[in-house]
Amino acid sequence: MSGLSRTEAEGLLTRLVEIPSFSGDELNASIYLAEAMRALGYDRCEVDAAGNAVGEIGPVDAASTMVLLGHIDTVFGDIPVRVEDKTGGPVLYGRGAVDAKGPLATFTASAARLGSKWAHRNNIRLVVVGAVEEEAATSKGARFIRDRFNGRQEPVPDFCVIGEPSGTTRVTLFYMGRLLLEMTAGQPMMHSAGPNPGIATTAVDLWNWIGVYADNFNGDRPKTFDQLRPSLREIRTWTDETMRDLVWTKIGIRLPLEFNVDGFLNDLRQWACRLVDWSCVPSELPSVRGADAAPQRLRFGGEELSVEFCFHGYEPAWRSSRSSPLVRGFLAAIREQTTERPRFVSKSGTSDMNVVGPAWQCPIVAYGPGDSSLDHTPNEHLSLDEYWQAVLILESALRRLV
């Protein structure tokens, strides 16, 4: 269906945004997208075992495989779906319009415009994926696709594009890594007027220690993306039925390239040893490497003070090369379709590039329409002119790869 029109492409995006698909509850949206792909002339379409919407164009045994990996889930938030006419053109409001159903619809529409005949003639296999649970820090859908295209079950992709908002004239090559750290500490219940400052101070001490650790690490690293960047996500206290005062805190840490996460965990263990009896401290640390999304726990302490750490959500930072055929194709396509100079982007967050990049080691970029500063906001909206321009740019970039 190479003649897919702008009106049809906008209808695809609008309907996709209209269907709620919060992380963990994406099935209705996945079913819709798989059926829409079938109607657009895709050769093979399904909702796979992970819940991903997957559509393919081209021969299964093609000489080249290109995976366009978007995500179909969104964060929570009910934004009334509507199109408003603005000075710069029509704008679509709705949760996920930017992050990241706009990029996913761009993938779907661009592949449909290329069509099955083009893919078979050029012996290329296009795989469009609407992955689940990207926003939940589990990346369940991306991990499933990563393991499917592992070189044994199916070939490792020759190229990959991740669906994230970059703006139509920008290509994202770098995402920082991530580690999520939770700590629960407990001690016998006590009166607030007593000499002990209270269990909540244990969480404050942890946060302060991580802050000093980051400052020391960042001291000779002036560039943001080379730094360790912690954030305090949550903290709460309570008293349980056994009359123990408890505190729980969650800290997110953005990681630069080649950060020694094992060394950091060992230093954290040393800090915790100063809080409790050394004899109660485990001698071995859990490894977060290769653990995927499985939480790793470290427990120690005694009756007077108990501490438990939980490490999860670890992803290493990933940087893609600027000199690949994929990047050159995008730069040429942007120059062809716009009058602006193409630019490269680095992001302090994470994406499914962090999941599949290290495994596939293929040329990979992130691309999609939208202003990423609107991600997760109550004002999330996408310019439909920008969306259509991204469809044409991606179509042109993919044509150049053959």
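You'll find the structure just up there.
Residues numbered from 1 in each chain as written. Predicted model: local features only at pLDDT ≥ 70, side-chain atom pairs only at ≥ 80, totals over all residues. Heavy atoms only, no water.

*Asks:* Which residues make up the overall build of the chain, and what values go with them?
*Replies:* Of regular secondary structure, the chain possesses 9 helices and 17 strands. Relative to its length of 402 residues, the chain is compact, with a C-alpha radius of gyration of 24 Å against a globular reference of 21 Å. For the chain, the spread of C-alpha atoms along the principal axes amounts to about 75 × 40 × 40 Å. Contacts spanning at least 24 positions in sequence make up 76% of the contacts within the chain whose residues lie at least 6 apart. By element, 48% of the accessible surface of the chain is carried by carbon and sulfur atoms, the whole surface being about 17100 Å². One way to put it: in the chain the 41 positive side-chain charges average out to a point 6 Å from where the 51 negative ones average out. (Helix = DSSP H or I, 4+ residues; strand = E, 2+ residues; numbered from the N terminus. Rg over C-alpha atoms; globule rule 2.2 N^0.38 Å. Contact = heavy atoms within 4.5 Å. Areas by Shrake-Rupley, 256 points an atom, 1.4 Å probe, with all protein chains shown as cover. Lys, Arg positive; Asp, Glu negative; His and termini not counted. Charge placed at Lys NZ, Arg CZ, Asp CG, Glu CD.)

*Asks:* Quick one: what's the story with the environment of L12, residue by residue and with numbers?
*Replies:* Take L12: it is sitting in helix α1 (residues 6–18). Look at L12 and you get buried, because its relative accessible area is 7%. Remark: the alpha-carbon pair of L12 and T106, spanning 94 residues in sequence, is separated by 9.5 Å. If we ignore the near neighbours within four places in the chain, the residues touching L12 are Y32, L33, A36, A105, T108, A109 and Y387. (Buried < 20%, exposed > 50% of the residue type's maximum accessible area, 1.4 Å probe, protein only.)

*Asks:* Summarise the sheet that holds strand β5 (residues 89–93); cite the residues concerned and give the values.
*Replies:* If you walk across this open sheet you meet the 3 strands as β4-β5-β17, and the pairing is antiparallel. With partners counted over all chains shown, the strands left at the sheet margins are β4 (82–86) and β17 (381–383), one partner each. The sheet shows a mean angle of 30 degrees between the axes of neighbouring strands, taken without regard to direction. Sheet topology places β5 next to β17; 3 bridges connect them, and they run antiparallel. Opposite Y93, over in β17, you have H381 as the bridge partner. The strands touched by α1 within the sheet are β5 and β17, with β5 carrying the most contacts at an inclination of about 25 degrees. (Pairing = 2+ DSSP bridges. Axes fitted to C-alpha atoms, helices over the stretch in contact; angles between N-to-C directions.)

*Asks:* Which residues make up the packing of aromatic side chains, and what values go with them?
*Replies:* Scanning the model with the defined rule gives 10 aromatic pairs in all. Where F217 meets F259, the ring centres are 5.4 Å apart and the plane angle is 80 degrees; that geometry is what we call edge-to-face. Of the two residues, F217 sits in helix α5 (residues 200–218) while F259 sits in the loop between β11 (244–255) and α6 (261–273), which places them 42 residues apart along the sequence. Both residues of the pair, F217 and F259, count as buried. When the centroid spacing of 6.2 Å and the interplanar angle of 50 degrees are considered together, the rings of F259 and F264 count as tilted. Residue classification places F259 among the buried residues on the basis of a relative accessible area of 8%. A cation over a ring is seen here: R82 above Y93, with NZ or CZ 4.2 Å from the ring centre. Above the plane of the ring of F217 lies R221, whose end atom (NZ or CZ) is 3.8 Å from the centre. (Phe/Tyr/Trp six-rings, centres within 6.5 Å; stacked < 30°, edge-to-face > 60°. Lys NZ or Arg CZ within 6 Å of the ring centre and 35° of its normal.)

*Asks:* Any chance you could break down the nonpolar core for me, citing the residues and the numbers?
*Replies:* As a rule of thumb, soluble globular proteins bury nonpolar side chains together. Y42, M66, L126, V161, F330 and Y387 are the most contacted members of the largest nonpolar core, which has 60 residues in total. Apart from the residues lying within four places of it in its own chain, the contact partners of M66 are R125, L126, V127, F159, C160, V161, L326, L398 and L401. (Core = buried A, V, L, I, M, F, W, Y, C linked by side-chain atoms within 4.5 Å.)

*Asks:* So, the sheet that holds strand β12 (residues 296–301): which residues are in play, and what are the values?
*Replies:* Pairing in this open sheet of 5 strands is antiparallel, and the strands run β10-β11-β9-β13-β12 from one edge to the other. In this open sheet, the two strands that pair with only one neighbour each are β10 (229–239) and β12. Direction aside, the axes of adjacent strands within the sheet are offset by 15 degrees on average. With 6 bridges joining them, β12 and strand β13 (residues 306–315) adopt antiparallel strand pairing. Bridging across to β13, R297 finds its partner in C310.

*Asks:* Give a detailed account of the pattern of salt bridges, specifying residues and quantitative values.
*Replies:* Scanning the model with the defined rule gives 19 salt bridges in all. With a shortest N-O distance of 2.9 Å, R125 and E56 are connected by a salt bridge. Taken together, the residues span a long stretch of sequence, with R125 in strand β6 (residues 124–131) and E56 in strand β2 (residues 53–57) at a distance of 69 residues. In terms of burial, R125 and E56 fall into one category: buried. With its nearest N and O atoms 2.9 Å apart, the salt bridge here joins E395 to R399. On the criterion of helical spacing, the pair formed by E395 and R399 is a turn pair, its members being 4 residues apart in helix α9 (residues 384–400). (Salt bridge = Lys/Arg side-chain N within 4 Å of Asp/Glu carboxyl O.)

*Asks:* Give me the packing of α1 against helix α3 (residues 101–121): which residues, what numbers.
*Replies:* Axis separation between α1 and α3 bottoms out at 9 Å; the angle between their running directions is 140 degrees. Here α1 is positioned oblique relative to α3, judged by the angle of their axes. Crossing of α1 against α3: the hand is right-handed. In this structure, α1 contributes A9, L12, L13, L16 and V17 to the contact, and α3 contributes K101, G102, L104, A105, T108 and A109. (Parallel < 35°, antiparallel > 145°, perpendicular 65-115°, else oblique. Left-handed = near helix turned anticlockwise from the far one by under 90°.)

*Asks:* Outline the layout of surface pockets, supporting the account with residue identities and numerical values.
*Replies:* The volume enclosed by the largest pocket comes to roughly 580 Å³. Forming the boundary of the largest pocket are 30 residues, of which E134, E135, R254, T350 and H376 lie nearest the centre. When residues in the lining of the largest pocket are grouped by element, the largest group, 3 residues, is from β13. The class makeup of the residues in the lining of the largest pocket is 8 nonpolar, 10 polar and 12 charged. (1 Å grid on protein atoms, 1.4 Å probe; cavity = no way out; pocket = protein on both sides within 12 Å on 5 of 7 lines; lining within 4 Å. Points joined across faces, edges and corners; volume = space filled by probe spheres on them. Nonpolar A, V, L, I, M, F, W, Y, C, P; charged D, E, K, R; others polar.)

*Asks:* So, the side chain of E182: which residues are in play, and what are the values?
*Replies:* Along the chain, E182 falls in strand β9 (residues 177–188). For the buried E182, no salt bridge exists, and the shortest N-O distance to an oppositely charged side chain is 4.8 Å, to K250. Of note is the side chain of E182, whose polar atom sits 2.7 Å from the side chain of H312. The contact partners of E182, leaving out residues within four places of it in the chain, are W248, T249, K250, E308, F309, C310 and H312. (Polar contact = N/O pair within 3.5 Å; in protein donor to acceptor, adjacent residues only side chain to side chain.)

By themselves, these observations are geometric and do not establish any function.
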